[in-house]
Amino acid sequence: MSLLKVNELTMRFGGVVAVDQLSFSVEKGEVLTLIGPNGAGKSSIFNLISRLYNANHGSIYFNDTEITQLPAHHIAGLGIARTFQNTELFEHATVLQNILTGCHVLRSTTALQHLFFTKKVRHEALEHRQRSEEIIDFFDLQSFRHSVIAGLPYGVRKVVEIARAVACRPALLLLDEPTAGLSAEESSDVAFWIDDLQKDAGMTILMVEHNMDLVLRVSDRIIALEDGALLASGSPQEVLEHPDVIAAYLGTGTGEQMDVTL
Ligand SMILES: Nc1ncnc2c1ncn2[C@@H]1O[C@H](COP(=O)(O)OP(=O)(O)O)[C@@H](O)[C@H]1O
Ligand SMILES: [Mg+2]
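### Points about the packing of helix 3 (residues 95-103) against helix 5 (residues 119-138)
Direction vectors running N to C along helix 3 and helix 5 enclose 120°, while the axes themselves pass 9 Å from each other. When the axes of helix 3 and helix 5 are compared, the pair comes out oblique. Handedness of the crossing formed by helix 3 with helix 5: right-handed. On helix 5, the residues that touch Leu 96, Ile 99, Leu 100 and Cys 103 of helix 3 are His 128, Arg 129, Arg 131, Ser 132, Glu 133, Ile 135 and Ile 136. A class-by-class count of the residues in the contact of helix 3 with helix 5 yields six nonpolar, two polar and three charged.

### Some points on the site of ligand 1
Near ligand 1 the following residues occur: Phe 13, Val 16, Ala 18, Pro 37, Asn 38, Gly 39, Ala 40, Gly 41, Lys 42, Ser 43, Ser 44 and Tyr 53. Contact distances for ligand 1 include 2.8 Å between an oxygen atom and a backbone N or O atom of Gly 39. Between Ser 44 and ligand 1, the recorded distance is 2.6 Å, taken from a side-chain N or O atom to an oxygen atom. Here ligand 1, which alone exposes 560 Å², has 63% of that area covered by the protein. Looking at the shell around ligand 1, the elements with two or more residues in it are strand 2 (16-26) and helix 1 (42-49). At three residues, the largest contribution of residues to the shell around ligand 1 is made by helix 1. Split into classes, the residues belonging to the shell around ligand 1 amount to six nonpolar, five polar and one charged.

### With respect to the sheet that holds strand 4 (residues 57-62)
Hydrogen bonds along the backbone pair up the strands of a sheet, which may run parallel or antiparallel. Spatial ordering of the open sheet is given by 2-1-4-5, a layout of four strands whose pairing is antiparallel. Edge positions in the sheet fall to strand 2 and strand 5 (65-66), since each of these pairs with one other strand and no more. Relative to strand 5, strand 4 runs antiparallel, the two being bridged by two bridges. Within the sheet, the bridge partner assigned to Phe 62 lies in strand 5 and is Thr 65. Helix 1 rests against strand 1 (4-13), strand 2 and strand 4 of the sheet, and its axis sits at about 65° to strand 2.

### Topic: empty space enclosed by the protein
In this structure the tally under the stated criterion is one cavity of 30 Å³ or more. Computed from the structure, the largest cavity encloses a volume of approximately 30 Å³. Thr 83, Phe 84, Thr 87, Lys 158, Glu 161, Ile 162, Asp 176, Glu 177 and Pro 178 together form the lining of the largest cavity. Counted by class, the lining of the largest cavity contains three nonpolar, two polar and four charged residues. Split by domain, the residues of the lining of the largest cavity number at least three in each of domain 1 (1-79 + 170-262) and domain 2 (89-168).

### Re the coordination of the magnesium ion (ligand 2)
The magnesium ion (ligand 2) binds to the protein through Ser 43 (OG) and Gln 85 (OE1); the donor distances cover 2.1 to 2.2 Å. Remark: Gln 85 occurs in the loop between strand 6 (80-82) and helix 3 and Ser 43 occurs in helix 1; sequence separation between them is 42 residues. A relative accessible area of 29% means that Gln 85 is categorised as partly exposed.

Thresholds applied
Residues numbered from 1 in each chain as written. Chains lettered and ligands numbered in written order. Predicted model: local features only at pLDDT ≥ 70, side-chain atom pairs only at ≥ 80, totals over all residues. Heavy atoms only, no water. Axes fitted to C-alpha atoms, helices over the stretch in contact; angles between N-to-C directions. Helix = DSSP H or I, 4+ residues; strand = E, 2+ residues; numbered from the N terminus. Parallel < 35°, antiparallel > 145°, perpendicular 65-115°, else oblique. Left-handed = near helix turned anticlockwise from the far one by under 90°. Contact = heavy atoms within 4.5 Å. Nonpolar A, V, L, I, M, F, W, Y, C, P; charged D, E, K, R; others polar. Near = heavy atom within 4 Å. Polar contact = N/O pair within 3.5 Å; in protein donor to acceptor, adjacent residues only side chain to side chain. Areas by Shrake-Rupley, 256 points an atom, 1.4 Å probe, with all protein chains shown as cover. Pairing = 2+ DSSP bridges. 1 Å grid on protein atoms, 1.4 Å probe; cavity = no way out; pocket = protein on both sides within 12 Å on 5 of 7 lines; lining within 4 Å. Points joined across faces, edges and corners; volume = space filled by probe spheres on them. Domains from an automatic or database assignment. Donors = N, O, S within 2.8 Å, 3.2 Å for Na, K, Ca; no water. Buried < 20%, exposed > 50% of the residue type's maximum accessible area, 1.4 Å probe, protein only.

Pasting the structure below:
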């Protein structure tokens, strides 16, 4: 059984077809990367899966449960977490507070129990605090624990966003361009974390990424998209050597390059 299954998904904005009859699956435990020129529909696919966009056609299944029509706030509770291409954090809260919000979906206590601050609530708050500290250690964010997001460098904010997504122990992690704007050293850290999240934490990862060094390093499979439709899919080597993929990248004129040696 696939962890995620997307069937004939279509998303239109006026005359623009952002996602065009697209079908693919994400298998448990793999790192699957979506590549494609700007405007290929990659972020739209993430927005459809996380239910920020409503599909015009098609269906999405997670763990064999249909989620095509589910409200967005149910998604995290099912075990899907995501980051955004442009980071979306609570700007005036600290790193720790942001990561704690990521733990919030793990909450098993009721509003009434919170009102009376029961033992269970206190226990859960402690657990979330411990989980957040583990995450802070894992992502090397100790020195930023109490820093307010708005004052932090871009590279740190990107990492905090991944940390917050991981805090709820998702079964499926969606990473939208996790290394965009990061230095080579920061990108290399991200590659290590993705590896650890897959191999040690058992997470399944669906990623959008342009940095082909990172893509080759961490991906089990790649899907290449153009104009919302599937161009090629398979092993990294199969996809990156595919003539249609090479043509799509060379034809973009956006300055994106596939600077890779296989
Ligand atoms: N909210 C939106 N409103 C209008 N058009 C959109 C919206 N989101 C995406 N699009 C359009 O859909 C196409 C795919 O965009 P996107 O999914 O962001 O591509 P990618 O992430 O691959 O760069 C683009 O033509 C984009 O302009
Ligand atoms: Mg995008």
